[in-house]
Amino acid sequence: MRGRDAAAAIAVWAAFNVVLSSLMFLFTGDLMSHAVYWLGVFWLVPLIALAVTARERATRRLPQASGGAALLALALALVALGAGVGLWAVLCGAAVGVVAVVLLVMERSA
Amino acid sequence: MGRAGAGPEAGTVSLVAPRPPYAPVRGVAGAVVATDHKAVAARTLATAFGFFIAGGVIALLMRWELATPGMQLTSRAGYDELFSMHGSTMIYLFVTPAALALGTYLVPLQVGAAEIAGPRVNLVGYWLFAFGGLLAWSSFLARDGAASAAWTAEFPMSDAANTPGSGMDLWIAGVMCATTGVILLAACQLATIVARRAPGMTMLRLPVFTWTMVVTCLMVLTAFPSLLIAMGGLALDRHGVDVYPGAGGATAYQHLFWFYGHPVVYVMFFPFVGASLEVIATFSGRRVFGYRGVVLSLLAFAALSMAVWGHHMFTTGQVANRYFSLTSTMLAVPAGMEYVAAVGTLIGGALRLRTAMLFALAFFLQFLIGGLTGIYTGSPPLDYHVHDSYFVVAHFHYTLLAGSVFGLFAAVYYWWPKVTGFRLREGLGRLHLALFVIGTNVTFLPMFVLGYDGMPRRVANYRPADGWTTLNLVATGGAFVIAVSVAVFLLNVYVSWLRSEPAGPDPWGGQTLEWATASPPPRLNFTAPLPPVRSAEPLLDLRGVPTPEALP
């Protein structure tokens, strides 16, 4: 199933947002209000482009399990934990992250 | 191994069988690393429900504290931590991930896909959410206590000077992890809808629930990065980088936060609208009334909900109140369309008042109170009066607990047989519903009066002379009734599991593709050819129920 009709749906939603964010110009010139909304709306452009080009591959391999994915999440959480408990957690996170990436590469190429 | 569509538009997608090193992993390791979207969704929902219980215990402590004047349980600083962690837990760690968990389980099944797109990314999403929750809750272990700047972490209340200590830092890290996880879950669902639909499943044949997940995922992908930016800035600011300088900085933080903070309300609402509409359609024996109107109104509703964040900032005087009041009031139009769809589906239907149906009806009725008071708070002059009062607390609890959580339970009772293979008990389900209805209304209706009388939110104490004691006592009683109702639900799960009654693939006479496979579904969702997809309710087509277009 190709993604063009999905892209059209996203485009309709984006169009609604463009109308609403443009309407705001009639009420305020506040830069922050416009910047926040328009940045959100602009992000939809690559999303629509992705949807237009999306299609299902004829064959694909499904992973039953992924230790690499779980470890990657742990690594990111450890890096975030570093904000509260210090550099050691960031370093642990980085180390776990390296292991996670290696595992993910091995899983993908297995 | 594979999935084959059937019917005139059928095609085949072959899936290469997993090789030996990636054969099913069982036990604890399987629970940690399995990528099956159904397992990930079940884990997400179970984890979110665990946080619901934890956040609920905090709510009981808060209500105990407020039952009578004076300090009963905790200090003022302790109370700040309690309401901050209660709100954070319920929004970041319960309702939002639970809403996404429903989609993670159901979207691939409803669109006829064998698996979710990006199963590894999906798994990362779950674990980031789970670790994020643990990080946020670990802030209770910090020397200076947990986060205490509300779920909004309003700046400068949340800066290093006003909220010192690592508790706040851990909370920020946890919120960022959990939110990133939710973004990943949403991305996988949207990718599945875009690229993994079964042959014949055009966008205008998507089930209503899946449509609500489309708009939910769009909102997550568009609005949630704003929270990451706001929290990242806050983390940097707390460590010496002047990200939000002066009064303008505080306003900038609010813009970034509320650009996430209002859409998230609808992220916690739309999936339950979709679930409740499907439940009502199934138990009415009819198709969802005005399907195309519902789809259009969902798109408009979701867009409008991106344009209303400023109504949370009316009293700052720094936003265009007329614009945000206009867009907030306009929300009533698409919301009304959803209600028209629900009522239109019910009219003329052969109603079966099962527990799921009753929860769905209660969802629409209870949410109405939250929705209508939203029009009230969307008006700046009225909002100035009730801002930061218990009126607002009552309003958003009617949307989130008395609204969305009813929708969640409707979904749980409806899809439980599909997920587990056995039904929940009807009698205990009805008791759960009755207690939940009584509890929520006894808890939150008095808060409208308290707020209108001027009781501010986020206070640990009040004077006897304020005259708020009776209503606070009533609200506290109601909170404990809610706790009993949740206990009844857990008892129902236990009893139903202990003496399980096999449900079969389609116990309710469902309308969408998930009911065309076994309960619980196999690893690749469908083992038999899919029925032809010629409408949003392919199983009704199989039973010969004409589509509205086919009627004379």
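Residues numbered from 1 in each chain as written. Chains lettered and ligands numbered in written order. Predicted model: local features only at pLDDT ≥ 70, side-chain atom pairs only at ≥ 80, totals over all residues. Heavy atoms only, no water.

1. Describing the overall build of chain B
In step 1: From N to C terminus, chain B includes 18 helices and 2 strands.
In step 2: Taken over C-alpha atoms, the radius of gyration comes to 23 Å for chain B, in line with the 24 Å a tight globule of 552 residues would show.
In step 3: Overall, the C-alpha framework of chain B stretches about 70 × 55 × 50 Å when taken along its three principal axes.
In step 4: Counting every position in chain B, which comprises 552 residues, the buried fraction comes to 62%.
In step 5: Restricting to contacts in chain B with at least 6 residues of sequence separation, those with at least 24 account for 83%.
In step 6: When the accessible area of chain B is evaluated, it comes to approximately 18,400 Å², of which 69% is carbon and sulfur surface.
In step 7: Looking at chain B, you have 30 positive and 25 negative side-chain charges, and the mean spots of the two groups are 12 Å apart. (Helix = DSSP H or I, 4+ residues; strand = E, 2+ residues; numbered from the N terminus. Rg over C-alpha atoms; globule rule 2.2 N^0.38 Å. Buried < 20%, exposed > 50% of the residue type's maximum accessible area, 1.4 Å probe, protein only. Contact = heavy atoms within 4.5 Å. Areas by Shrake-Rupley, 256 points an atom, 1.4 Å probe, with all protein chains shown as cover. Lys, Arg positive; Asp, Glu negative; His and termini not counted. Charge placed at Lys NZ, Arg CZ, Asp CG, Glu CD.)

2. Regarding unusual backbone geometry
Residues and elements named next belong to chain B.
In step 1: In this chain, Phe155 is followed by Pro156 through a cis amide linkage whose omega measures 10°.
In step 2: Note that Pro156 resides in the loop between helix H4 (119–138) and helix H5 (166–195).
In step 3: Pro520 follows Ser519 through a cis peptide bond whose omega is -10°.
In step 4: Of note, Pro520 is situated in the loop between helix H17 (469–498) and helix H18 (538–542).
In step 5: Of note, Arg458 is a non-glycine position whose phi angle comes to about 60°, a positive value.
In step 6: For Arg458, the position within the fold is in the loop between helix H16 (426–452) and H17.

3. Observations regarding the interface of chain A and chain B
In step 1: Listed per partner, the contact involves 58 residues of chain A and 69 residues of chain B.
In step 2: Across the contact surface, chain A and chain B share 2 salt bridges.
In step 3: Taken together, the connections running from chain A to chain B amount to 12 residue pairs in polar contact (both at pLDDT 80 or more).
In step 4: If you list the elements that add at least two residues to the side of chain A that touches chain B, you get helix H1 (4–23), helix H2 (31–42), helix H3 (44–53), strand E1 (59–61), helix H4 (67–85) and helix H5 (87–109) of chain A.
In step 5: Ranked by the residues each element gives to the side of chain A that touches chain B, the list is headed by H4 of chain A, at 13 residues.
In step 6: Here the residues of the side of chain A that touches chain B are counted per class, giving 37 nonpolar, 11 polar and 10 charged. (Salt bridge = Lys/Arg side-chain N within 4 Å of Asp/Glu carboxyl O. Polar contact = N/O pair within 3.5 Å; in protein donor to acceptor, adjacent residues only side chain to side chain. Nonpolar A, V, L, I, M, F, W, Y, C, P; charged D, E, K, R; others polar.)

4. What to know about the nonpolar core
In step 1: One finds Tyr37 of chain A together with Tyr92, Trp171, Trp211 and Met231 of chain B to be the most contacted residues of the largest nonpolar core, which totals 215 residues.
In step 2: Per-element accounting of this core gives the leading share, 20 residues, to helix H15 (residues 390–420) of chain B.
In step 3: Sequence-distant contacts of Tyr37 of chain A, defined by excluding residues within four places in its chain, comprise Asn17, Leu20, Ser21 and Met24 of chain A together with Phe259, Ala303, Met306, Ala307, Trp309 and Tyr323 of chain B. (Core = buried A, V, L, I, M, F, W, Y, C linked by side-chain atoms within 4.5 Å.)

5. Things to note about the pattern of salt bridges
All names here are of chain B.
In step 1: Summed over the entire model, instances satisfying the criterion amount to 14 salt bridges over all chains.
In step 2: One salt bridge in this structure joins Arg354 and Glu426, with 3.9 Å as the shortest N-O distance. Of the two residues, Arg354 sits in the loop between helix H12 (332–346) and helix H13 (355–377) while Glu426 sits in helix H16, which places them 72 residues apart along the sequence.
In step 3: A salt bridge links Arg430 to Glu426; the nearest nitrogen and oxygen atoms lie 3.8 Å apart. One end of the pair is Arg430 and the other is Glu426, both in helix H16 and 4 residues apart, which spans about a single turn.
In step 4: Look at Arg430 and you get partly exposed, because its relative accessible area is 38%.

6. Notes on the packing of aromatic side chains
Residue and element names in this part refer to chain B.
In step 1: Enumeration according to the criterion identifies 62 aromatic pairs over all chains in this entry.
In step 2: Plain terms: the ring middles of Phe283 and Tyr414 are 5.9 Å apart, the flat faces sit at 70° to each other, and that makes the pair edge-to-face. Of this pair, Phe283 sits in helix H9 (residues 270–284) while Tyr414 is found in helix H15, placing the two residues 131 residues apart along the sequence.
In step 3: Measuring from ring centre to ring centre gives 6.2 Å for Tyr494 and Trp497, while their planes differ by 40°; the resulting arrangement is tilted. Of this pair, Tyr494 and Trp497 both sit in helix H17, 3 residues apart, which is roughly one turn of that helix.
In step 4: For Trp497, a relative accessible area of 52% corresponds to the exposed category.
In step 5: An aromatic cluster of three or more residues is present, and its members are Tyr92, Trp151, Phe155, Trp171, Phe224, Tyr244, Tyr253, Phe257, Trp258 and Tyr260.
In step 6: Its end group placed over the ring of Tyr126, Arg43 keeps NZ or CZ at 5.7 Å from the ring centre.
In step 7: The ring of Trp508 carries the charged tip of Arg423 above its face, separated from the ring centre by 5.3 Å. (Phe/Tyr/Trp six-rings, centres within 6.5 Å; stacked < 30°, edge-to-face > 60°. Lys NZ or Arg CZ within 6 Å of the ring centre and 35° of its normal.)

7. With respect to H16 of chain B
In step 1: In this model, H16 of chain B (27 residues) spans 39 Å end to end at C-alpha, consistent with the 39 Å of a helix rising 1.5 Å per residue.
In step 2: Backbone geometry just downstream of H16 of chain B places Gly454 of chain B in the positive-phi region, at approximately 105°. (Expected span 1.5 Å × (residues − 1).)

8. Comments concerning a nonpolar patch on the surface
In step 1: A surface patch of nonpolar side chains, about 520 Å² in accessible area, is lined by Ile53, Val57, Leu61, Trp64, Leu73 and Leu490 of chain B.
In step 2: Here the nonpolar patch gets 4 residues from one element, more than from any other, and that element is helix H2 (residues 37–66) of chain B. (Patch = residues over 30% accessible without salt bridge, like charges linked within 9 Å, V, L, I, M, F, W, Y side chains within 5 Å.)

9. Overview of the packing of helix H11 (residues 321–330) of chain B against H12 of chain B
Residues and elements named next belong to chain B.
In step 1: Between H11 and H12, the shortest axis-to-axis distance is 5 Å and the interhelical angle comes to 10°. Considering their axes alone, H11 and H12 lie roughly parallel with respect to each other. Judged by residue contacts, Ser328, Thr329 and Met330 of H11 engage Ala332, Val333 and Pro334 from H12.
In step 2: Grouping the constituent residues of the contact of H11 with H12 by class yields 4 nonpolar, 2 polar and no charged. (Axes fitted to C-alpha atoms, helices over the stretch in contact; angles between N-to-C directions. Parallel < 35°, antiparallel > 145°, perpendicular 65-115°, else oblique.)

10. Some words on H5 of chain B
In step 1: The terminal C-alpha atoms of H5 of chain B, which comprises 30 residues, lie 43 Å apart, in line with the 44 Å expected from a rise of 1.5 Å per residue.
In step 2: Most of H5 of chain B is tucked away: 24 of the 30 residues are buried.

11. Side note on the packing of H13 of chain B against H16 of chain B
Residues and elements named next belong to chain B.
In step 1: Where H13 meets H16, the closest approach of the two axes is 10 Å, and the angle between their N-to-C directions is 10°. Overall, the two elements H13 and H16 adopt an arrangement that is roughly parallel. For the pair formed by H13 and H16, the contact residues are Thr355, Leu358, Phe359, Ala362, Gln366, Ile369, Thr373 and Tyr376 on the first element and Glu426, Gly429, Arg430, His432, Leu433, Phe436, Thr440, Asn441, Phe448 and Tyr452 on the second.

12. What about the environment of Val121 of chain B?
In step 1: Relative to the assigned elements, Val121 of chain B resides in helix H4.
In step 2: Expressed as a C-alpha distance, the spacing of Val121 of chain B and His395 of chain B, which sit 274 residues apart in the sequence, is 36 Å.

13. Overview of the environment of Gln318 of chain B
In step 1: Following the sequence through the fold, Gln318 of chain B ends up in the loop between helix H10 (291–305) and H11.
In step 2: Overall, Gln318 of chain B belongs to the partly exposed group, its relative accessible area being 44%.
In step 3: As a C-alpha pair, Gln318 of chain B and Ala518 of chain B span 200 residues in sequence and 56 Å in three-dimensional space.
In step 4: Among residues more than four places away in sequence, those in contact with Gln318 of chain B are Asp30 of chain A together with Thr251 and His255 of chain B.

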